[in-house]
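Coordinate analysis (summary)
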Amino acid sequence: MASLTEGHPPIGIDDINDESKHKKLNTDVVERESGEREMGHSIHRSGSRPQLDLSKAAIQGNFEEKDPTILLPNQSDDISHLALDIGGSLIKLVYFSRHEDRSVNDRRKKSIKEIFGVSNGNRRSYPILGGRLHFVKFETAKINECLDFISSKQLHRGGLDARHWNSDAPDNENAVIKATGGGAFKFADLFKERLGVSIDKEDEMGCLVSGANFLLKAIRHEAFTHMEGQKEFVQIDTNDLFPYLLVNIGSGVSMIKVDGDGKFQRVSGTNVGGGTYWGLGKLLTKCKSFDELLELSQRGDNRTIDMLVGDIYGGMDYSKIGLSASTIASSFGKAISENKNLEDYRPEDISLSLLRMISYNIGQIAYLNALRFGLKRIFFGGFFIRGHAYTMDTISFAVQFWSKGDAQAMFLRHEGFLGALGAFMSYEKHGLDDLMVHHLVERFPMGAPYTGGKIHGPPLGDLNEKISWMEKFVRKGTEITAPVPMAPPGTTGLGGFEVPSSKGDTLRSDASNLNVGVLHLVPTLEVFPLLADPKTYEPNTIDLADHGELEYWFTVLSEHLPDLVDKAVASEGGTEDAKRRGDAFARAFSAHLARLMEEPAAYGKLGLANLLELREECLREFQFVDAYRSIKQRENEASLAVLPDLLMELDSMNEEARLLTLIEGVLAANIFDWGSRACVDLYHKGTIIEIYRMSRNKMQRPWRVDDFDLFKERVLGSGEKKPHPHKRALLFVDNAGADVVLGMLPLARELLRRGTEVVLVANSLPALNDVTAMELPDIVAEAAKHCDILRRAAEAGGLLVDVMINAADVNKENFSSVPLMVVENGCGSPCIDLRQVSSELAAAAKDADLVILEGMGRSLHTNYNAQFKCDALKLAMVKNQRLAEKLIKGNIYDCVCRYEPASSDLQSSSLC
C-alpha cells in the first residue's frame, strides 16, 4: 500500500553531484557568531569582507533631504550592491539600488520635526535603508547575459549610483562580490576575467537559512499555503517563528531544522528530488527541459499507469484503514501487469505519475521529521517547486494526509532567492538587520527588462527605452497575458487524497512569474500607534477573494482607464511624448489587471487598496507625477473664493446647528472624487459650486450610517454636562478643492476654536485628485487670509512663519492659539494601510485622542472595520452602488457618519 520507500537511508542534499558538500555537511548544529552583533541577530560574516571607511564622511547637498546622499571620500574598497546564487540551472541575483528621488527643502517638514522631534528613521552609516532590493533570474547556461546585465548596471562597482558616493574614486582591483551555490566555484575565473571581481564564496545552507529568516520576519505576505489551487497567505508571528523545518528541494532534498538566527541543523534528506524527476522524466518522455516536463504533467492522467486502491478492491475504498479508492497503492504499478511498452504510455501520464510519486514522498518524509522534532511549521522551497501549482498541491496534500490535517505545508513567494538573499546579508553593514515588516514596501514594475525575475531583454538605459520595450512587450503577448495549455477537466490521480477541484483550467505552470517585485526599504515608515491591535488589523474592507467581486472592480478600473490616461496626458501638456507615455501606462496597467485576473494572489494578498496603489505606482513609473494637478488647482481656487461666505454663515449659527452643518458639509463636499465614475459624470453637468450646493441640499438625516448624535454628545455634551475638548485631532483629508476647503477645513476650524490641536494628514504623493501634504500649507495660508482662527493656529503650527500678526485684525472671541499642523501620511494612494505610515504621522499620533477618517478610500475601502485606542469618526459619501450594497446595504450617494468612542467595548453604529 502507500508506504515509505524502504532501503538505504537517504543521503540527498541539494546538489547530489557535489561530493565535496557531502564531506562538509553533518547533522551537528551549525552556529555562526558574528564578531559584531546588531539588533541581537547572529549572522555569518565572511573573513574577506569590504569595510566602510567613514572618516571625513559628509552629507552631500541639503541636510533636510529625506534620503541625503553620503560621500565617503576615503572609501578604498568597493561596497558591492550585488549577491548571487549560481545553481546548476538558474542564477538568482539580488542587487541594491538607492532611491533616485530627493525631497525638496520643505519648511513644513522642518517645523514638524521641531514640534514632534521626528528623526530620519533608523538610518545607519551604510545607507541601504532608503533604497531598493531587486530580484532577477538568469539561466545558468546563459551566464554571459547575466554578466552583461551586471556590467551594464555597474553592479560590481556599487551600481550606477555609486558616483554619488565618490565619483573620482579609482576602480578597485580588489573588488569582491558574494556568491553561493556550486557556480560560485565553477565560474569564479569567468567573473574575474569579465568583470575584474573576485567571488567570495558563502556557505550554501547558511545562506538559505539566513534568507528564509529575513523573509519570514520582514515580508508581511511571504508565506502561503496552496491547497486545491488556492493560495492562502499566512501571517507569521515573528515572536513565535522558531523552530521550523525548511525543506529545500533541489536535485536532492535537504531538511533543515532552524532554531534561530544563525542556528540550524540539517536533520534529514533524501536523494529522491528534483534531479530524480528531471532525470527519469528525460529518459522516459524525451523532454528537453524541466519546464517542458512540468507542462506535460498538467495534461496527464496518472490513473493509466499508477495502481490505485480502487484497482485492487474493485473500485471500492479500503475504509477500514482509511484509504479511499483514489489512493495510489503503487506508483507505476499498472505497468507490471499490462502488456505494454514505454511507447504505449502517454508522456503526459508518465510525467504526472513521476511528479506525484516524488512529491508525495518528499511531503511524507518532511512531515515525519517535523513530527520527530515537534515542529509546527514546514516551509518548502527550491528549484523543484518553482511556483508550480500542481507540485505545491501535491506536497500540501501529502502533508495534510499523513498528519491527518494537523500540519500544513507552507511555501515562500521569494523561495527561489533564499540563497542569493542570504549571500547579500553576509556583507558587513548590509543594513537588513534593523528592518521590520513595516519598513518594506513591495512594488511590481512593468517597464523593465524583466518582470518578477524573468528576463525579457537587455537592461534599459532610460525611459524612452522602457516605453519602447513596453510597446513590444504587450504587442507580442507575453508570459503575463498568454494562456498556458491546461489539462482537460476530469483528470485525476491524487494518490491518497481527493482530487483537487482546481484540476483543469485554473492552474498555471508559470504561477510565480510575477510573484517577486522590488522591495523598497523605507526606514521612515512606522505602525500607526493608535491602532487597537496591529496584529489583527486588516486595512481592506472589500474581499477580492470572491471572484465576482474581483471581476466587478477590475471592470470599474478598466472603464476608468481612458479618462485617467486623458488627464495624465493633459497634465503633461498633451505632447507626443506624453501621449506615448500614456499609452505605455495603459498597456502596463492593463497587463497587471490581466495577470491578477488569472491569479489574484500573484502579487501577494490582494485587496482593493492594493489595486488602487498599483495603478498610482504604474502612473509614476511612466513619469506621470500628478495627473490631476491642473484640475486640483482650479478647484482649490474656486472653493477658496466662496469659503469666506461659508465661514460667515457658520459663525451665525448656534454650536449645535453649526456642528451638524459642518458634518453635513464634509459629507456633501466628499462628492468631489475623480476616482468615482458617478462623480466624473456629474462634473460634465455643472460647476463644482453647483454640484456642492446640490449635494448639500440632499443632506437629509437619518443618513445610512448615522452616529452623529453620539459624536455631538462627545463634543458638546448633554444638559449641564460639558465634556473636556479633545487634546489633539488627526484629520485624514481626501480630495482637493471643495472636499478639503469647504468640508474638512471648516471642521478643523471648529475643533481649533474649542481648544483642540489639529493635524491635517494628507498624502505624501499625488493620487487622483487627492490633496497632498505639500499642497496643503498653501491652501491653509490662503484660507487664513479670511479667518483669524485659522491664521493664528497656522502660525502656531509653523505653517505661516513669515506672516506678521496685525493686532487690529484679531477677533476678540476668546480662544486659545492651539496649533494647526500638516503631516504626510507616508503613501501615495487613495487608500491607506495604517501598518505603514510616515514617522511624522506616528509622532503626531502619540498625543492624539481623536481620529477622523474622511473619504471612500480611507474610511470605506480601507479602515471601515479598523478599531482605535482613541475616539474615531469615519465620514464618507458612497459614490459606488456596489460598495453601498455590500458595505452598508444602501445606495449610491448614501452617507456614512460612523463614530466609535475610545472603549474596549466599541458600540455598534446606527444603521438606518
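Residues numbered from 1 in each chain as written. Predicted model: local features only at pLDDT ≥ 70, side-chain atom pairs only at ≥ 80, totals over all residues. Heavy atoms only, no water.

1. Observations concerning the overall build of the protein chain
- Of regular secondary structure, the protein chain possesses 29 helices and 30 strands.
- In the protein chain, which comprises 912 residues, the share counted as buried stands at 59%.
- Counting contacts in the protein chain only where the partners sit at least 6 residues apart, residues at least 24 apart contribute 74% of the total. (Helix = DSSP H or I, 4+ residues; strand = E, 2+ residues; numbered from the N terminus. Buried < 20%, exposed > 50% of the residue type's maximum accessible area, 1.4 Å probe, protein only. Contact = heavy atoms within 4.5 Å.)

2. As for the sheet that holds strand 30 (residues 895-900)
- Reading across the sheet, the seven strands line up as 23-30-29-28-24-25-26 and stay open at both edges, with mixed pairing between neighbours. Of all the strands in the sheet, just strand 23 (705-706) and strand 26 (820-824) have a single pairing partner and so form its edges.
- In this sheet, strand 28 (residues 850-854) lies alongside strand 24 (residues 728-732) in parallel orientation, the contact comprising four bridges. Opposite F732, over in strand 28, you have L853 as the bridge partner.
- Here helix 2 (residues 107-116) sits on the sheet in contact with strand 24, strand 25 (757-762) and strand 26, set at roughly 105° to strand 26.
- Contacting strand 24, strand 25, strand 26 and strand 28, helix 24 (residues 738-753) runs over the sheet at an angle of about 170° to strand 28. (Pairing = 2+ DSSP bridges. Axes fitted to C-alpha atoms, helices over the stretch in contact; angles between N-to-C directions.)

3. Brief notes about the packing of aromatic side chains
- Throughout the structure, instances matching the rule amount to 20 aromatic pairs.
- With 5.8 Å between their ring centres and 35° between their planes, F380 and F411 make a pair best called tilted. Here the residue F380 occupies a position in strand 16 (residues 378-381), and F411 occupies one in strand 17 (residues 409-412), the gap between them amounting to 31 residues.
- You can call F380 buried: its relative accessible area is 1%.
- On the basis of relative accessible area, F411 is assigned to the buried category, the value being 1%.
- One cation-aromatic arrangement involves K201 over F185; the distance from NZ or CZ to the ring centre is 5.8 Å.
- Residue placement shows R898 over the ring face of Y864; its charged tip is 4.1 Å from the ring centre. (Phe/Tyr/Trp six-rings, centres within 6.5 Å; stacked < 30°, edge-to-face > 60°. Lys NZ or Arg CZ within 6 Å of the ring centre and 35° of its normal.)

4. Regarding the nonpolar core
- Counting 64 residues, the largest nonpolar core has L84, L93, L133, F191 and L246 as the members making the most contacts within it.
- What L246 contacts, discounting residues up to four positions off in sequence, is L208, V209, A212, S254, M255, I256, V258, F379 and L418.
- One finds M744, L752, I779 and L799 within the second-largest nonpolar core, a separate group that totals 60 residues. (Core = buried A, V, L, I, M, F, W, Y, C linked by side-chain atoms within 4.5 Å.)

5. Remarks on the sheet that holds strand 8 (residues 198-201)
- The seven strands are arranged 8-7-4-5-6-21-18 in an open sheet whose pairing can be described as mixed. Both edges of this open sheet fall to strand 8 and strand 18 (440-443), since each of them pairs with a single strand only. Between one strand and the next, the sheet's axes are offset by a mean angle of 25°, whatever the strand orientation.
- Pairing between strand 6 (residues 131-139) and strand 21 (residues 518-521): two bridges, direction antiparallel. Across the sheet, residue L133 finds its bridge partner in strand 21, namely L519.
- Seen against the sheet, helix 3 (residues 143-152) touches strand 4 (82-86), strand 5 (90-98) and strand 6 and runs at an angle of roughly 5° to strand 5.
- In the packing of helix 14 (residues 418-425) onto the sheet, contacts are made with strand 4, strand 5, strand 6 and strand 7 (176-180), and the angle to strand 4 comes to roughly 140°.

6. A look at helix 7 (residues 204-218)
- The first and last C-alpha atoms of helix 7 sit 21 Å apart over 15 residues, in line with the 21 Å expected at 1.5 Å per residue.
- Here helix 7 lies mainly inside the structure; 13 of its 15 residues are buried. (Expected span 1.5 Å × (residues − 1).)

7. So, the confidence of the model for the protein chain
- Mean pLDDT over the protein chain works out to 78, with 74% of the residues at or above the 70 mark.
- Across residues 1-80, where pLDDT falls below 50, the model places 183 contacts with residues more than four positions away in sequence or in other chains.
- Low pLDDT (under 50) marks residues 904-912, which in the prediction has 19 contacts with non-local residues, meaning those over four places away or in another chain. (pLDDT = per-residue confidence, 0-100.)

8. Here's the deal with the pattern of salt bridges
- Inspection of every chain in the model, using the stated rule, returns 46 salt bridges.
- K178 is paired through a salt bridge with D200; the nearest N and O atoms lie 2.7 Å apart. On the criterion of sequence distance, the pair formed by K178 in strand 7 and D200 in strand 8 is long-range, its members being 22 residues apart. Judged on exposure class, the residue K178 and its partner D200 are both buried.
- Between D240 and K376 there is a salt bridge whose closest N-O contact spans 3.2 Å. Pair noted here: D240 is in the loop between strand 10 (230-233) and strand 11 (244-249) and K376 is in the loop between helix 12 (347-373) and strand 16, with a separation of 136 residues, a long-range link.
- A residue is classified by how much of its surface remains accessible, and K376, at 57% relative accessible area, is exposed.
- Linked by salt bridges that have partners in common, D651, E655, R658, K722, R749, E750, R753 and R754 make up one network. (Salt bridge = Lys/Arg side-chain N within 4 Å of Asp/Glu carboxyl O.)

9. What about a nonpolar patch on the surface?
- Taken together, the side chains of L280, L283, L284 and L342 present a nonpolar region at the surface, about 330 Å² in accessible area.
- Within the element layout of this structure, L342 appears in the loop between helix 11 (334-337) and helix 12.
- A relative accessible area of 39% means that L342 is categorised as partly exposed. (Patch = residues over 30% accessible without salt bridge, like charges linked within 9 Å, V, L, I, M, F, W, Y side chains within 5 Å. Areas by Shrake-Rupley, 256 points an atom, 1.4 Å probe, with all protein chains shown as cover.)

10. As for the pairing of strand 30
- The buried count for strand 30 comes to six of six residues, which makes it a mostly enclosed element.
- Pairing geometry for strand 23 and strand 30, over two bridges, is parallel. Bridge pairing in strand 30 places D706 opposite C897.
- With six bridges connecting them, strand 29 (residues 871-877) and strand 30 associate as antiparallel partners. Bridge pairing links A872 to E900 in strand 30.

11. A few points about the environment of A609
- By the element assignment, A609 lies in helix 18 (residues 608-621).
- For A609, a relative accessible area of 11% gives the class buried.
- Sequence separation of A609 and I542 is 67 residues, and the distance between their C-alpha atoms is 8.8 Å.
- In this structure, A609 is in contact with N540, S829, C831 and T862, ignoring residues within four places of it in sequence.

12. Regarding the side chain of S859
- Tracing the backbone shows S859 in helix 28 (residues 856-861).
- Looking at S859, the relative accessible area reads 0%, which means it is buried.
- In this structure the side chain of S859 is engaged in a polar contact, spanning 3.4 Å, whose partner is the backbone oxygen of L875. (Polar contact = N/O pair within 3.5 Å; in protein donor to acceptor, adjacent residues only side chain to side chain.)

13. Focus: unusual backbone geometry
- With an omega of -5°, the peptide bond between F242 and P243 qualifies as cis.
- By the secondary structure assignment, P243 is in the loop between strand 10 and strand 11.
- Cis rather than trans, the peptide bond between R701 and P702 has omega equal to 0°.
- Note that P702 resides in the loop between helix 22 (688-697) and strand 23.
- A positive phi is found at E228, a non-glycine position, where the angle reads about 50°.
- Inspection of the secondary structure assignment puts E228 in the loop between strand 9 (223-227) and strand 10.
- Phi angles above zero are rare outside glycine, and L768 is one such case at about 50°.

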